Amino acid sequence: MNITHSNTISAADYNALREAVGWGVLPAEQAQRGIDGSTFVVAASDAGHAVGVARVLYDGGSAALIKDVIVLPEYQRREIGTELMNRVMEFLRGQLKPGWHILIDLSATKGKEPFYEKFGFELRPNERFGDGMAMWIGDKA
């Protein structure tokens, strides 16, 4: 295993990763727009084959959203997700200026919460944060 990282991923590879973890395939144009609209993308590959990805949406000020941290099931528990998150957090910390603070949100897949707690994320609700909320609009596969 020789994992390399890049800051891009094709819509086809992104969709293959989504499908492998049961998230469903997006229309190619929608997948590409999501990738292009991301502030930061990091992809992991093994011998040129995409095995993981993470995306960040950042407003340039005080709010960031980590999206789509995906690792192929057969590559999980090999520190690939940890490295993706380390690179995401390095990117976000690099955005800080003196006196700044950024609220980073994410929605963990059920059961994956302990993975994100290792990076300092807190379960909601708690003393500082209420329940997280989400909804889909449009057709969902």
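Look up: the structure comes first, before these words.
From a predicted model like this one, the values you see are computed outputs, not experimental measurements.

J.: Can you lay out the sheet that holds strand 2 (residues 40-46) for me, pointing to particular residues and giving the numbers?
T.: Taken in spatial order, the five strands make up an open sheet running 1-2-3-4-5, and their pairing is mixed. The open sheet has two free edges, formed respectively by strand 1 (3-6) and strand 5 (103-106), since each of these has just one partner strand. Adjacent strand axes in the sheet meet at a mean angle of 20°, parallel and antiparallel pairs treated alike. On the sheet, helix 1 (residues 11-20) packs against strand 3 (49-58) and strand 4 (63-71) and is oriented at approximately 95° with respect to strand 3. Running over the sheet, helix 3 (residues 80-93) touches strand 1, strand 2, strand 3, strand 4 and strand 5 and is turned about 160° from strand 4.

J.: Report on the side chain of Arg18, specifying residues and quantitative values.
T.: Take Arg18: it is sitting in helix 1. Beyond its immediate sequence surroundings of up to four residues, Arg18 is in contact with Trp23, Gly24, Leu26, Asp68 and Ile70.

J.: Residues and numbers for the pairing of strand 3, please.
T.: Successive residues of a regular strand alternate their side chains across the two faces of the sheet. In terms of burial, strand 3 is largely enclosed, as eight of its 10 residues are buried. Here seven bridges tie strand 2 to strand 3, and the two strands are oriented antiparallel to one another. The residue of strand 3 that forms the bridge with Val41 is Arg55. One ladder, built from six bridges, connects strand 3 with strand 4; its direction is antiparallel. Each bridged residue has a counterpart across the sheet, and for Val56 the counterpart in strand 4 is Ile66.

J.: If you had to explain unusual backbone geometry to someone new, which residues and values would you point to?
T.: Cis geometry is found at the peptide bond from Arg124 to Pro125, where omega equals 0°. With phi around 55°, Asp68 is a residue other than glycine that occupies positive phi space. Here Asp68 is to be found in strand 4. A positive phi angle is found at Glu79, which is not glycine, with a value near 75°. Its place among the elements puts Glu79 in the loop between strand 4 and helix 3. Under the relative-accessibility criterion, Glu79 is labelled exposed at 54%.

What counts as what
Residues numbered from 1 in each chain as written. Predicted model: local features only at pLDDT ≥ 70, side-chain atom pairs only at ≥ 80, totals over all residues. Heavy atoms only, no water. Pairing = 2+ DSSP bridges. Helix = DSSP H or I, 4+ residues; strand = E, 2+ residues; numbered from the N terminus. Axes fitted to C-alpha atoms, helices over the stretch in contact; angles between N-to-C directions. Contact = heavy atoms within 4.5 Å. Buried < 20%, exposed > 50% of the residue type's maximum accessible area, 1.4 Å probe, protein only.

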